[in-house]
Protein chains: 2
Amino acid sequence: MKTPILESATRLFARMGYAGTSVQAIADAVGIKKPSLIYWFPSKEALREAVIDDLLSRWNEVLPKVMVAAQGGQDRFQRTLTEVLRFFEEDPDRARLLMREMLDHPDEMQRRLELTLRPWLALVSEYIRLGQRQGRVRPELDPEGWTLNITVLALGTIAAGSVFDQVVGSDGPADFRRRQLDELVRTAHSSLFLDRPASAGAPQESR
Amino acid sequence: MKTPILESATRLFARMGYAGTSVQAIADAVGIKKPSLIYWFPSKEALREAVIDDLLSRWNEVLPKVMVAAQGGQDRFQRTLTEVLRFFEEDPDRARLLMREMLDHPDEMQRRLELTLRPWLALVSEYIRLGQRQGRVRPELDPEGWTLNITVLALGTIAAGSVFDQVVGSDGPADFRRRQLDELVRTAHSSLFLDRPASAGAPQESR
DNA sequence: CCTACCGATCGGTAGG
DNA sequence: CCTACCGATCGGTAGG
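Residues numbered from 1 in each chain as written. Chains lettered and ligands numbered in written order. Predicted model: local features only at pLDDT ≥ 70, side-chain atom pairs only at ≥ 80, totals over all residues. Heavy atoms only, no water.

Undergrad: An account of the protein's contact with DNA strand D is requested, with residue identities and associated values reported.
TA: For DNA strand D, the set of nearby residues contains 14 residues, the closest of which are Val23(A), Lys34(A), Lys44(A), Lys33(B) and Ser36(B). When the atoms of DNA strand D within 4 Å of the protein are sorted by group, sugar and phosphate make up 50%. In this structure, Val23(A) approaches DNA strand D through a main-chain N or O atom, which is 2.9 Å from a phosphate oxygen. One nitrogen or oxygen atom from the main chain of Lys33(B) is found 2.8 Å from a phosphate oxygen belonging to DNA strand D. Contributing elements (two or more residues each) for the surface near DNA strand D: helix H3 (34-40) of chain A together with helix H3 (34-40) of chain B. Sorting elements by how many residues they give to the surface near DNA strand D places H3(B) first, with 4 residues. Looking at the surface near DNA strand D residue by residue, the classes come out as 7 nonpolar, 4 polar and 3 charged. (Near = heavy atom within 4 Å. Polar contact = N/O pair within 3.5 Å; in protein donor to acceptor, adjacent residues only side chain to side chain. Helix = DSSP H or I, 4+ residues; strand = E, 2+ residues; numbered from the N terminus. Nonpolar A, V, L, I, M, F, W, Y, C, P; charged D, E, K, R; others polar.)

Undergrad: Explain the nonpolar core to me, and be specific about the residues and the numbers.
TA: Judged by nonpolar contacts, the single largest core of 128 residues is most densely connected at Phe88(A), Phe164(A), Phe88(B) and Phe164(B). Those residues in contact with Phe164(A) that sit more than four places away from it in its chain are Phe176(A), Gln180(A), Met102(B), Leu113(B), Leu117(B), Leu148(B) and Val152(B). (Core = buried A, V, L, I, M, F, W, Y, C linked by side-chain atoms within 4.5 Å. Buried < 20%, exposed > 50% of the residue type's maximum accessible area, 1.4 Å probe, protein only. Contact = heavy atoms within 4.5 Å.)

Undergrad: For helix H6 (residues 92-104) of chain B, give the residues involved together with the corresponding values.
TA: Residues and elements named next belong to chain B. Here H6 contains 13 residues, and its C-alpha end-to-end distance of 18 Å stays within 8% of the 18 Å for a straight helix at 1.5 Å per residue. In terms of burial, H6 is a largely internal element, 11 of the 13 residues being buried. Taken residue by residue, H6 has Asp93, Arg94, Ala95, Arg96, Leu97, Leu98, Met99, Arg100, Glu101, Met102 and Leu103 as its buried positions. (Expected span 1.5 Å × (residues − 1).)

Undergrad: So what's going on with the interface of chain B and chain A? Residues and values would help.
TA: Taken together, the contacts link 52 residues of chain B with 52 residues of chain A. When chain B packs against chain A, the two sides together hide about 4700 Å² of surface, and 61% of this comes from carbon and sulfur. Considering only the side of chain B, the residues that lose the most area to chain A are Leu103(B), Asn149(B) and Val167(B), jointly responsible for 14% of the buried surface there. Here chain B and chain A share 10 salt bridges between them. As a salt-bridge pair, Arg179(A) and Glu144(B) come within 3.0 Å of each other at their nearest N and O atoms. Of all the elements in the fold, those that place two or more residues in the side of chain B that touches chain A are helix H1 (4-16), H6, helix H7 (106-133), helix H8 (143-160) and helix H9 (176-192) of chain B. Ranked by residue count, the leading element in the side of chain B that touches chain A is H8(B), at 11 residues. Partitioning the side of chain B that touches chain A into residue classes produces 23 nonpolar, 14 polar and 15 charged. (Buried area = accessible area lost by both parts, 1.4 Å probe. Salt bridge = Lys/Arg side-chain N within 4 Å of Asp/Glu carboxyl O.)

Undergrad: Tell me about the pattern of salt bridges, and name the residues and values.
TA: Following the criterion strictly, the structure yields 43 salt bridges over all chains and no others. Between Arg138(A) and Asp195(A) there is a salt bridge, and its shortest N-O distance comes to 3.9 Å. One end of the pair, Arg138(A), is in the loop between helix H7 (106-133) and helix H8 (143-160); the other, Asp195(A), is in the segment after helix H9 (176-192), with 57 residues separating them in the sequence. By relative accessible area, which is 4% here, Arg138(A) ends up buried. Residues Glu140(A) and Arg186(B) are paired through a salt bridge, measuring 3.9 Å at the closest nitrogen-oxygen approach. Residue Glu140(A) is located in the loop between H7 and H8, and its partner Arg186(B) is located in helix H9; the two belong to separate chains. Classification of Glu140(A) as partly exposed rests on a relative accessible area of 37%. Judged by its relative accessible area of 1%, Arg186(B) is buried.

Undergrad: Requested: an account of the environment of Gln24(A), with residues and values cited.
TA: In this fold, Gln24(A) is placed in helix H2 (residues 23-30). Expressed as a C-alpha distance, the spacing of Gln24(A) and Lys34(A), which sit 10 residues apart in the sequence, is 5.5 Å.

As structure tokens, this is what we get:
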């Protein structure tokens, strides 16, 4: 979030939604008057576009990191997933905002995600297909389907926040989100790789 | 959706959001005047509550079906997941509405989901633990975490609709959502069960 | 970046 | 279920 206006707008749009946030509310959060805000951003709609431009450009900053993570062979999976999770955990408002934009403007988001996600998805899928040729990744897996599913799962889990914290019984009243995210990593791992031939006692990789 | 009012309100709240839907817009969709709508539902807020009451009560109608599906041993997994997917696919607005409510009113939804989901989650988790004792389900899997993750994934994928359709490259311009949902089932299956000992050639179960 | 202001729409009421 | 109406708030402009 570069400017204070963009910062407040992002936070409010993510938490209250675009229609649920008035220009007045953003101005109040920033500490200026409404017409002053309209001076910097000519309309509420322009502010919305700036907010999601900012969000998607930050996703694009993550891409290079993932590319770098493409060096080592085996932990490429771990590093990529970690990067995606970090992106949303670093600021859960990103997940909320993306989810809201997909709901509010599906057609626009379809266009924007095509540009933003396609190169990344193609790269990750290529690695997965390589793993399939090497016999390490499950052959029946759909690389694009799997990758987007894990991404949607990360997005949804983090956007949902603590809504599920009380759904589990008496055993774990504490931070259930951590459990969900740990299980996400385990699910991603075990649904991606073929189990090892049976040499060791099927231990799990370190996280 | 019993009444026409509830039907239109559900549709509009799901697609435009609560704040993005005016009472006037709902009245127009129904074909009555605004004060007439306020006669049946004393406030917009009352209408929202009725809409999500209706949605969650329909989820509760699914519960018995899942209980019944608890007869056969092996395909219990398949039937339960199919039921959850059917619930959202039958009317994608359910997924959108739930997602929006989790974003708009996280505290209220936390309370409501505790009541609605807890018995269902406890039952499914119990079956999973049984499978773990029988050595069919992966021992390191977190039953509650896994179940909620798969549910969130179904919710998110269906709420997202066709936003990802253009993200895949040239190969499949057609219905990518189907691929995503098929891969969801495969991911759920392979992350839940231990792979078979190695007798057959690791075929996949029929769907 | 501000004060002053505008037409349109908001959720909701009065009264029948 | 309607007509008529209300105060409050909406996004945005004029003019400095």
